[in-house]
2 protein chains.
Amino acid sequence: MAQKPSIPQGTRDFSPIMVQRRKYILNTIEGVFKKYGFMPLETPTMENLTTLTGKYGDEGDQLLYKIINSGDYLKKLVEYQDKAFGHEEIDRTFLPSFDGKISNLDYKKALPWIAEKGLRYDLTVPFARYVSMNRNEITLPFKRYQMQPVWRADKPQKGRYREFWQCDADIIGSTSLLNEAELLKIYDEVFTLLNLPVVIKVNNRKLLSALATLINAPESFMAITMAIDKLDKIGEAGVKIELEKCGLNQTQIDQIISFLQISNSSLPLNDLEELFAGVEEGKIGVQELKTTFSFLGILHPLNPIKLDVTLARGLSYYTGAIVEVQAYSGSLKSSIGGGGRYDNLTGIFGLPGISGVGISFGLDRIADVLDELELFPNNLTACETKILFCYFDEESQIKAIELCAKVRNNGVAAEVYPDLTKKIGKQLDYANKLKITYACIIGSNEIASNKYVVKNLNSGEQKEMSPIELTQIN
Amino acid sequence: MAQKPSIPQGTRDFSPIMVQRRKYILNTIEGVFKKYGFMPLETPTMENLTTLTGKYGDEGDQLLYKIINSGDYLKKLVEYQDKAFGHEEIDRTFLPSFDGKISNLDYKKALPWIAEKGLRYDLTVPFARYVSMNRNEITLPFKRYQMQPVWRADKPQKGRYREFWQCDADIIGSTSLLNEAELLKIYDEVFTLLNLPVVIKVNNRKLLSALATLINAPESFMAITMAIDKLDKIGEAGVKIELEKCGLNQTQIDQIISFLQISNSSLPLNDLEELFAGVEEGKIGVQELKTTFSFLGILHPLNPIKLDVTLARGLSYYTGAIVEVQAYSGSLKSSIGGGGRYDNLTGIFGLPGISGVGISFGLDRIADVLDELELFPNNLTACETKILFCYFDEESQIKAIELCAKVRNNGVAAEVYPDLTKKIGKQLDYANKLKITYACIIGSNEIASNKYVVKNLNSGEQKEMSPIELTQIN
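Residues numbered from 1 in each chain as written. Chains lettered and ligands numbered in written order. Predicted model: local features only at pLDDT ≥ 70, side-chain atom pairs only at ≥ 80, totals over all residues. Heavy atoms only, no water.

Caption draft 1: Here's a closer look at the overall build of chain A. A tally of helices and strands in chain A yields 18 helices and 16 strands. Compactness check: chain A gives a C-alpha radius of gyration of 29 Å against a globular reference of 23 Å for 474 residues, more than 25% above the reference. When the backbone C-alpha atoms are referred to their principal axes, chain A occupies close to 95 × 70 × 45 Å. Taken over 474 residues, chain A has a buried fraction of 59%. Working note: accessible area of chain A is about 19,800 Å², and carbon and sulfur atoms make up 50% of it. (Helix = DSSP H or I, 4+ residues; strand = E, 2+ residues; numbered from the N terminus. Rg over C-alpha atoms; globule rule 2.2 N^0.38 Å. Buried < 20%, exposed > 50% of the residue type's maximum accessible area, 1.4 Å probe, protein only. Areas by Shrake-Rupley, 256 points an atom, 1.4 Å probe, with all protein chains shown as cover.)

Next up, the structure:
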């Protein structure tokens, strides 16, 4: 019985023109990564769940795609049900008291019985895992780029897919702020090449940590950071409510809100220096930002790179610079790239004391924005064939195959319409639909004269060519 | 507590040099695909299990990686256990009679309760699914290429991984044998470009079908095909035993064995013509081979393309030409590519009557063979940086950043050693380890004279350059 096929929600097929457009973006990003000295790395699609879980917060753990173990996992599950309820021996008397709900704790205990592997959730954790596993082969500083898909069982919506590509560049084993500046310049250069105007926002987690110290709530650092991270979505009033929930008093909240205004100041770095004069970490954060901006002065970015003290970013592992990129126009308001410095990411895998900094490009969102703003180059076509050879009969088909082979030998994409058909119109139709530039129609006259008419299907222009002229088409 | 990280069995990390080598192969294949007019397609990593199951035989179904449904799948499993045993109501009295083993049938019934999605197993079935879903947007003949990873929960061994890449090219909607010839020529061209001598074997399933008719066992066609497919592994004696198991008598088996000798004949096509003089399908098969070889005569392949009547291929959907490629030398004896014609692949997805033909390259096996035979180009390096700028202090660091930016503006990969260190040796060590060709060491003298010494780290040669000469390095 014939199936009506479909694909999983949140995933997409990429038609030829879509692949070409995505490759255009990928090649642009990769070219810049290479120019800045980054080397490619690829990690497996599947990672052990022990590598992935606990790295992205509770929400992240729930969004991991898990792969069923090979073999008789259902039997293992029955066994698990026993074990999960404390019955090590096969004794199913527990079942009558089982209410059908399995608590989070049991869920976590159950997992290895049915799934030990999951799909890659981002590229940063696999990178940290790789560095830790290959520490003896790696030369530090290690500059790697990685462009691969990741998967999250998130609710699909505008700009959010369940399978999407990240393009990351990270430097580990170097604390120089030149890295921060070069990564910001890479953002600038890529989006300049893509003709997509963007705003690049920078902040430093040390300022947020110092802020927590300044208001006598150092233990609330991450809670404050997470509240500020929601500013775009819930506004200042919403952030105040979140901060109240953290147990902060009105004075503390007022201090935070007034800190958030600093980005609007004419000399924000001076204001920050003043504010954090008595907080060592704040002074360091300001100095890091100053140094980064002074390096950037030598690199001449073309897009605005703005200090934004309201930038917080959700991930817990950042310890220094944090960065985010937004498109200047278009309906997608969420970020199309982001990153930051982390001082101890490989520590969780047994390799402490290595600082790193990285950025990520969101391929799918960039593609959505370029599509909406009609910024893809016009010369990107699904099919790269330059010339189609058409013919009337078996004899002229052979000549078409010969000439086509010669054009291909010259490195130019060419095709012979494969099926014998008297209908030249059908053959030309194929060329027109695929936007092939030239068509060459071969019949007995052409073979006799050894001259071939090549028609430009865009302009309608025709030209008679010798076989040698033909093979030089491009 | 620090984890000792690992990756799942049968999967691999690809270090920078390994990625560069794989890209070299991928780019070579892609370049040839494009030259022959193929367009890129990409399908999701996850497919619905309804799309995948039943397409690769029972063994294939078992090798599919299945993804656990989101949400409270464990609760669903408890419910399943009830349903699987025919207890629609919550009634667990069945359990005492449950022996802990779940039959294959129950397993299949259970599956949707815990997993509705699986990882791509090959690129052909997703392609057929895509064509069927997008039939109205596709221009026929449709020539697509697809280069993506696939996953099989197979036992890892030499040349067999659980995550590996296929590079496929298929033409659907054309019955012309020119397609067969061009695909064979693509194999020839790619392996010529890779400097890897190969043997390309061709057969036609119609001969095997005609053989079954000839020996009065048409119903045993696929069983005979599967037996012949094992010839390489189990030898002629083994094939005989397999054929006996199919219920064939000694005369029939002798006829098959004598058919298998035909490849060794000096004029195999003539022998086949004679053998199948009375079997229509056999005559068609021979004619198809003749036509394919006559097209190939115009295309001038450089590697041997041999008719091999013992070539059978395991997949059931082939109906015409079948192809396989083996490396001429090296220890990997299994195929590094294969394909064939299928007349009704999209039929299972509701689009009957469309013939197609395709080939596949096994990236990972090709990489293994090139590695073993040391055929990767010497100029492939992990890092593509041409010049490293080294410096002594903050002032010379700024000059290094300026000069590096100029080299990069010229499209050449360049780096500044990021961290301030007086140890120039450490900086040069970095360049040497990464096989960076040039180093430029900047100090106050260089800044004063505006002349910079560039050292070729391979030859030891040094040259003093002006900033303009420096930026023209490549």
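Read on, since the account is not over.
Caption draft 2: Region of interest: the interface of chain A and chain B. Of the residues lining the interface, 109 residues belong to chain A; the matching set on chain B comes to 108 residues. At the boundary of chain A with chain B, total buried surface from both sides reaches about 9,200 Å², with 63% on carbon and sulfur atoms. There are 10 salt bridges connecting chain A and chain B. Two residues, Glu-415 of chain A and Lys-143 of chain B, come together in a salt bridge whose shortest N-O distance is 3.1 Å. For the pair chain A and chain B, the interface holds 30 residue pairs in polar contact (both at pLDDT 80 or more). Of the residues assigned to the side of chain A that touches chain B, the class counts are 58 nonpolar, 27 polar and 24 charged. (Contact = heavy atoms within 4.5 Å. Buried area = accessible area lost by both parts, 1.4 Å probe. Salt bridge = Lys/Arg side-chain N within 4 Å of Asp/Glu carboxyl O. Polar contact = N/O pair within 3.5 Å; in protein donor to acceptor, adjacent residues only side chain to side chain. Nonpolar A, V, L, I, M, F, W, Y, C, P; charged D, E, K, R; others polar.)

Caption draft 3: Seen up close, the nonpolar core. By size, the foremost hydrophobic cluster in this structure holds 271 residues, and its most contacted members are Phe-361 and Phe-389 of chain A together with Phe-361 and Phe-389 of chain B. Ignoring anything within four residues of it in the chain, the contact list for Phe-389 of chain B reads Ala-400, Leu-403, Cys-404, Val-407, Ala-414, Glu-415, Val-416, Tyr-417, Gln-427, Cys-440, Ile-442 and Leu-470 of chain B. (Core = buried A, V, L, I, M, F, W, Y, C linked by side-chain atoms within 4.5 Å.)

Caption draft 4: View of the relation of the copies chain A and chain B. After a rotation of 180° and a shift along the axis of 0.0 Å, chain A superposes on chain B with an RMSD of 0.0 Å. Both chain copies can therefore be described as sitting about a two-fold axis. If distances are taken from each C-alpha of chain A to the rotation axis, the shortest is found for Ile-67 of chain A, at 2.2 Å. When the interface residues of chain A are mapped onto chain B, 99% of them again fall at the interface, so both copies present the same face. (Least-squares fit on C-alpha atoms with pLDDT ≥ 70 in both.)

Caption draft 5: Highlighting the side chain of Glu-180 of chain B. With respect to the element layout, Glu-180 of chain B can be found in helix H7 (residues 178-193). Contact partners of Glu-180 of chain B, with chain neighbours within four places excluded, come to Thr-292, Ala-321, Arg-341 and Val-357 of chain B.

Caption draft 6: Representation of the pairing of strand E4 (residues 115-119) of chain A. Residue and element names in this part refer to chain A. Counting buried residues in E4 gives four out of five residues, a clear majority hidden from the surface. The pairing of strand E2 (residues 46-48) with E4 spans three bridges and is classified as antiparallel. Bridging across to E4, Met-46 finds its partner in Leu-119. When strand E3 (residues 66-68) meets E4, the two strands line up antiparallel, connected through three bridges. Along E4, the bridge assignment pairs Ile-68 with Ala-115. (Pairing = 2+ DSSP bridges.)

Caption draft 7: Representation of H7 of chain B in the model. Here H7 of chain B contains 16 residues, and its C-alpha end-to-end distance of 22 Å stays within 8% of the 22 Å for a straight helix at 1.5 Å per residue. Most of H7 of chain B sits out of view: 14 of its 16 residues are buried. (Expected span 1.5 Å × (residues − 1).)

Caption draft 8: Structural context of the sheet that holds strand E1 (residues 39-40) of chain A. Residue and element names in this part refer to chain A. The strand order across the open sheet built from eight strands is E1-E5-E6-E11-E10-E9-E7-E8, with neighbouring strands paired in mixed fashion. Each edge of the open sheet is held by one strand with a lone partner, namely E1 and strand E8 (305-307). Note that E1 and strand E5 (residues 142-151) share two bridges and pair parallel. Note on E5: the bridge partner recorded for Pro-40 is Tyr-145. Sitting on the sheet, helix H14 (residues 363-372) touches strand E6 (163-172), strand E9 (318-327) and strand E11 (356-362), and the angle it makes with E11 is about 40°. (Axes fitted to C-alpha atoms, helices over the stretch in contact; angles between N-to-C directions.)

Caption draft 9: Seen up close, the packing of aromatic side chains. Residues and elements named next belong to chain A. In total, this model carries 26 aromatic pairs over all chains according to the counting rule given. With 4.2 Å between their ring centres and 40° between their planes, Tyr-56 and Tyr-121 make a pair best called tilted. Of this pair, Tyr-56 sits in the loop between helix H2 (49-52) and helix H3 (57-63) while Tyr-121 is found in the loop between E4 and helix H6 (124-133), placing the two residues 65 residues apart along the sequence. Residue Tyr-56 shares its accessibility class with Tyr-121, and that shared class is buried. An aromatic cluster is present here, built from Phe-33, Phe-38, Tyr-145, Tyr-187, Phe-191 and Phe-361 joined pairwise through their rings. (Phe/Tyr/Trp six-rings, centres within 6.5 Å; stacked < 30°, edge-to-face > 60°.)

Caption draft 10: Here's a closer look at unusual backbone geometry. Residue Pro-141 of chain A follows Leu-140 of chain A across a cis peptide bond; omega there is -10°. Tracing the sequence through the fold places Pro-141 of chain A in the loop between H6 and E5. Of note, Asn-195 of chain A is a non-glycine position whose phi angle comes to about 60°, a positive value. Even without being a glycine, Lys-435 of chain B presents a positive backbone phi close to 55°.

Read these as spatial facts, not as claims about activity.
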